[in-house]
Amino acid sequence: MARRSTVALIGGRLLQAVPSIAGVIIVTFILTRALPGDPAVYFAGPAADAQSIEQVRQALGLDRSLPEQFLIYLGDLFTGDLGQSISTGRPVVEELIRRMPASLELTFLALLFSLSVALPLGILAATRPNSWIDHLCRVVVTAGVSLPVFFTGLFLVYVFYFILGIAPSPLGRIDIFYLDPPHVTGFFTIDSLLAGDIDTFGAALAQLVLPAITLGLFTLAPLARMTRGAMLAVLSSDFIRTARASGLSRPTVLYTYALRNAMLPILTTLGMVFSFMLGSNVLVEKVFAWPGIGSFAIEALIVSDYAAVQGFVLAMAFLYVALNLVIDILYTVVDPRIGLEG
Amino acid sequence: MDRRNFLKLTAYGAGAVAVPMLAPFGAPQAAGRADTLLVVVGSTVNSMDIHRAGTNRPSYAIAVNLYDRLVGFGTKTLADGTEMYDYQNLTPELAESWAFAADGTSVTFKLKPDAVFWDGSPVTAEDVKWSFDRAVSVGGFPTTQMRAGLLEKPEQFTAVDEKTFRIDFLRPSKLTMPDLAVPVPIIINSKVAKANATQDDPWATEYLHRNPAGSGAFMLERWDPGQQVVYKRFDDWKCGPLPGVERVIMREIPSSSTRRALLERGDADISLDLPPKDFAELMASGRYTVAAAPIENSMIAIGLDTTYGPFQDKRVRQAVAYAIPYEQIFKQAAFERGIPMWGGASFEPADISWPQPFPYSTDYDKAKALLAEAGYADGFEVPFAFNLGFAQWSEPMALLVQEGLGKVGIRTAVEKVPGANWRTQVLIEKKWPMHIKNFGGWLNYPDYYAFWVYQDGRLFNSMKYRNETVETVTEEALHLPVEHPDYAPKIKQLIATFFDEVPLIPVFQPYLDVAMQPNVSGYKFYFHRQLDARWLSKA
């Protein structure tokens, strides 16, 4: 029974996503064409004359009418072809496959770091309101959200790499004298473990630490605040008082009853923070030379690389749909009252 | 997943994540360092093929290091010991020797007999012919650059025998021979290319975009777009002494602060694309080798649209030239990383050197007088654009210019134009009445600069400037040999016109700065501004 409901839920959600995806396809197509700047001029190179610009325009198919371009684009989409990125000269699908894992790996680790600090901090702050730990929570959260990411990143590089020399050089996903692990998932840490290469695992993880902390610091604030707020609300409710009065142990009250009920808003925040982090960690990518999806999208946007921008937005849209689905399913895991009917 | 387990995972389990994060950082392995050069760059290589449409400037480094040309440039040493290419001295690369026909209508090259491509096959005149045909046929930038040297049609190129190659001139020009040494006319392994050509793609642009096929000093070991390009030495290279390093890693590090930190920590051997301020500081520290060479035939200048209201009057343009705070710009925006292009002695050029200082310096009274004379005593308002891609020096420069012009009543509205739109707005549409520009000509002649920048209708003439003397004299001088008795007078006439009419107000000639560890040697500056790793070595 429960199983069928879950399947129905997933199916329903996917169906609901279809119009949004269609909307995204149309809007990004129109928006990219509305960008200032002429890709044909840009890609014709520094010494191009009118004739060579025209040649490039034809080669890119930009001399055709907009509806025609759109139909061609749609046709390609249905065959799974996102087109060719003109700035890198590679298929957009290939670029996304290569860069998405880099961003995801960094984002997951940053989220884990963020959760491992924010949850305990929020819970402690909620159980002891206005104590020193509550104030500490406030300070950490304010600092995390008010320090610009590039500043935190450069600061961490300066202290841990430049001054102390304990962090590896910020050269991207892996130190230059290691080889990439064989590609399975695209996550270097996982791939190196699958290959049984502990050295490479260490090297890949070491490269991840500083950027993950930088990114994680920024997302501490919403998570810790949400944990604290939700816990405060739950802790003051009747069933907690009853649980306490019944003589249940403090951890049981706190984790089994209070936290579970506080989990829903935290999960919601987590979902929002995650999708936000994926696209917006461009600055972290710049400071740590991280070959992620954010800087790819920005570069593509700057040079009006239509196919790349469209591919990026589409990939993000799909990711967002998937993420919402996962969060919805997690809701039902956390709180059985939710989701099974609607 | 069971509910209880899930909660435990998030609440308790999350704490466990901190454990691996506290584990000691992996120490970088030192093996392989000695014969490997780590170069950190700020830009990204987007193709292995300089002939492809869309190949960006940083990718020219591939043409330089992975391919050979028929000829190259020699080396000269500047007063401060910096080595740079010698424009006056063409040296053999794939060609062993060359001879001009007695009637001056062609040049014949003898190829090096033992030169081979990476796959071991010999370099033949057929390969040269195919490569030249490709450069003049694919269109876009390579074809334009070839045309600058009057290399326009495949019929001009003949493979006489296996090792002899002839170019027939359309008409003699001093630009033809140096144009063979720029990065564009690379020699490609035509057998490999043809094997990968298709009906739609007869020049194998798709294949060569990803897979270089050359005879150059380095082969491609790896290319991870957006991350790095790794060159590996080709031990059978015949066109020069074997490179001093076995491997060169060009790693892309977008943040200039990180690039500087990598150099200062000793992890990077060479750091490129650093802002002038960082270079000035690294130079002052004395712990690094900083090679600085003035970029030949290049100026940072302020362009004035000569068709725009007040700027139609020569006196207004001169007034602007007198109201630029040159000294301050040079110190505060350029950190003195260049050669001043103001304060020249006379409106009559003493020689034909280019660029040379223009006869203007900051003189607000003179500027006001000129403005009053032209009927703009109360000043006027004008939009002023700069390229956001060079904001590190062009933004402070724009603000200083704004301040200087404000003193004589010219109010400027400063506009930042994003790098990718710059070409469209400034060079194609030519829509900015006042803008900062930095053009550099590959072939080092004043008339070549005039051809691109001062002649009417040219791409880089963003000033919409037209002067009949400039039109005719440039045309006459362009293909004349420098030794010709008419050449110097014509050039002087051109320069005197530029001085007097100032559609373009030069501020300084920029340096190309490169910071290296003291144990790196052999760096040479080239007009193409890319790192030529063939001569580098590491002690």
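What counts, and where the lines are drawn
- Residues numbered from 1 in each chain as written.
- Chains lettered and ligands numbered in written order.
- Predicted model: local features only at pLDDT ≥ 70, side-chain atom pairs only at ≥ 80, totals over all residues.
- Heavy atoms only, no water.
- Pairing = 2+ DSSP bridges.
- Helix = DSSP H or I, 4+ residues; strand = E, 2+ residues; numbered from the N terminus.
- Salt bridge = Lys/Arg side-chain N within 4 Å of Asp/Glu carboxyl O.
- Buried < 20%, exposed > 50% of the residue type's maximum accessible area, 1.4 Å probe, protein only.
- UniProt positions renumbered as here; feature names shortened; annotations may be inferred.
- Contact = heavy atoms within 4.5 Å.
- Axes fitted to C-alpha atoms, helices over the stretch in contact; angles between N-to-C directions.
- Parallel < 35°, antiparallel > 145°, perpendicular 65-115°, else oblique.
- Left-handed = near helix turned anticlockwise from the far one by under 90°.
- Domains from an automatic or database assignment.
- Buried area = accessible area lost by both parts, 1.4 Å probe.
- Polar contact = N/O pair within 3.5 Å; in protein donor to acceptor, adjacent residues only side chain to side chain.
- Nonpolar A, V, L, I, M, F, W, Y, C, P; charged D, E, K, R; others polar.

## With respect to the pairing of strand S6 (residues 157-161) of chain B
Residue and element names in this part refer to chain B.
Part 1 of the reasoning: Across 4 bridges, S6 lies against strand S7 (residues 164-168) in antiparallel orientation. Looking at S7, one finds that Ala159 is bridged to Phe165.
Part 2 of the reasoning: Taking the residues that link successive antiparallel strands as the turn, the S6-S7 hairpin has 2 residues.

## Topic: the pattern of salt bridges
Residue and element names in this part refer to chain B.
Part 1 of the reasoning: Per the counting criterion, the structure on display carries 43 salt bridges over all chains.
Part 2 of the reasoning: Two residues, Asp168 and Arg166, come together in a salt bridge whose shortest N-O distance is 2.9 Å.
Part 3 of the reasoning: Residue Asp168 is classed as partly exposed on the basis of its relative accessible area of 22%.
Part 4 of the reasoning: Through salt bridges that share partners, Arg260, Glu264, Lys277, Asp278, Glu281 and Arg287 make up one connected network.

## With respect to the UniProt feature "transmembrane region" (unreviewed entry) in chain A
Residue and element names in this part refer to chain A.
Part 1 of the reasoning: According to UniProt, the positions carrying the feature "transmembrane region" (unreviewed entry) are residues 7-31, 106-127, 139-164, 201-221, 262-282 and 313-334.
Part 2 of the reasoning: From the first C-alpha to the last, residues 139-164 spans 26 Å; its make-up is 88% helix and 0% strand.
Part 3 of the reasoning: Along residues 201-221 the backbone is 100% helical and 0% strand, and the end-to-end C-alpha distance reaches 30 Å.

## Section: the environment of Ala203(A)
Residues and elements named next belong to chain A.
Part 1 of the reasoning: By secondary structure assignment, the location of Ala203 is in helix H9 (residues 198-235).
Part 2 of the reasoning: The spacing of Ala203 and Ser103 is 100 residues in sequence and 17 Å in space, taken between C-alpha atoms.
Part 3 of the reasoning: In this structure, Ala203 is in contact with Ile174 and Tyr178, ignoring residues within four places of it in sequence.

## A short note on the packing of helix H9 (residues 256-264) of chain B against helix H10 (residues 276-285) of chain B
Residues and elements named next belong to chain B.
Part 1 of the reasoning: For the pair H9 and H10, the least separation of the axes is 11 Å and the interaxial angle reads 15 degrees. One element, H9, and the other, H10, form an angle in the roughly parallel class. Between H9 and H10 lies a crossing of right-handed hand. For the pair formed by H9 and H10, the contact residues are Ser256, Arg260, Leu263 and Glu264 on the first element and Asp278, Glu281 and Leu282 on the second.

## What to know about the domain arrangement of chain B
By a widespread convention, an interface's size corresponds to the accessible area lost as its parts come together.
Residues and elements named next belong to chain B.
Part 1 of the reasoning: As far as domains go, chain B holds domain 1 (36-251 + 517-538) and domain 2 (298-510).
Part 2 of the reasoning: Once you take the C-alpha centre of each, domain 1 and domain 2 turn out to be 33 Å apart.
Part 3 of the reasoning: Counting residues at the interface gives 22 residues for domain 1, matched by 16 residues for domain 2.
Part 4 of the reasoning: For the pair domain 1 and domain 2, the summed buried area comes to about 1500 Å², and 63% of that belongs to carbon and sulfur atoms.
Part 5 of the reasoning: When the buried area of domain 1 at its contact with domain 2 is split by residue, Tyr87, Lys174 and Leu175 rank highest and sum to 45% of it.
Part 6 of the reasoning: Linking domain 1 with domain 2 are 1 salt bridge.
Part 7 of the reasoning: Linking domain 1 with domain 2 are 8 residue pairs in polar contact (both at pLDDT 80 or more), by the criterion used here.
Part 8 of the reasoning: The set of elements that each furnish at least two residues to the side of domain 1 that touches domain 2 consists of strand S3 (83-92), helix H5 (141-148) and helix H6 (176-179).
Part 9 of the reasoning: If one sorts the elements of the side of domain 1 that touches domain 2 by residue count, H5 sits on top with 4 residues.
Part 10 of the reasoning: Partitioned by chemical class, the residues of the side of domain 1 that touches domain 2 number 13 nonpolar, 4 polar and 5 charged.

## Some remarks on the UniProt feature "domain: Solute-binding protein family" (unreviewed entry) in chain B
Part 1 of the reasoning: Mapped onto this numbering, the UniProt entry gives "domain: Solute-binding protein family" (unreviewed entry) at residues 90-457 of chain B.
Part 2 of the reasoning: Helix makes up 32% of residues 90-457 of chain B and strand 23%, with an end-to-end C-alpha separation of 32 Å.

## With respect to the environment of Ala319(B)
Residues and elements named next belong to chain B.
Part 1 of the reasoning: Relative to the helices and strands, Ala319 resides in helix H11 (residues 314-322).
Part 2 of the reasoning: A relative accessible area of 0% means that Ala319 is categorised as buried.
Part 3 of the reasoning: Taking the C-alpha atoms as reference points, Ala319 and Ala280, separated by 39 residues in sequence, lie 32 Å from one another.
Part 4 of the reasoning: Setting aside anything within four residues of it in sequence, one finds Ala319 in contact with Ala367, Leu370 and Leu371.

## Focus on the packing of helix H7 (residues 149-163) of chain A against H9(A)
Residue and element names in this part refer to chain A.
Part 1 of the reasoning: Put simply, H7 and H9 touch, their axes get as near as 9 Å, and they point 145 degrees apart. Our pair here, H7 against H9, has a crossing hand that is right-handed. Residues Val149, Thr152, Gly153, Leu156, Val157 and Phe160 of H7 form the contact with H9, whose participating residues are Leu210, Ile213, Thr214, Leu217 and Phe218.
Part 2 of the reasoning: Class assignment for the residues of the contact of H7 with H9 results in 8 nonpolar, 3 polar and no charged.

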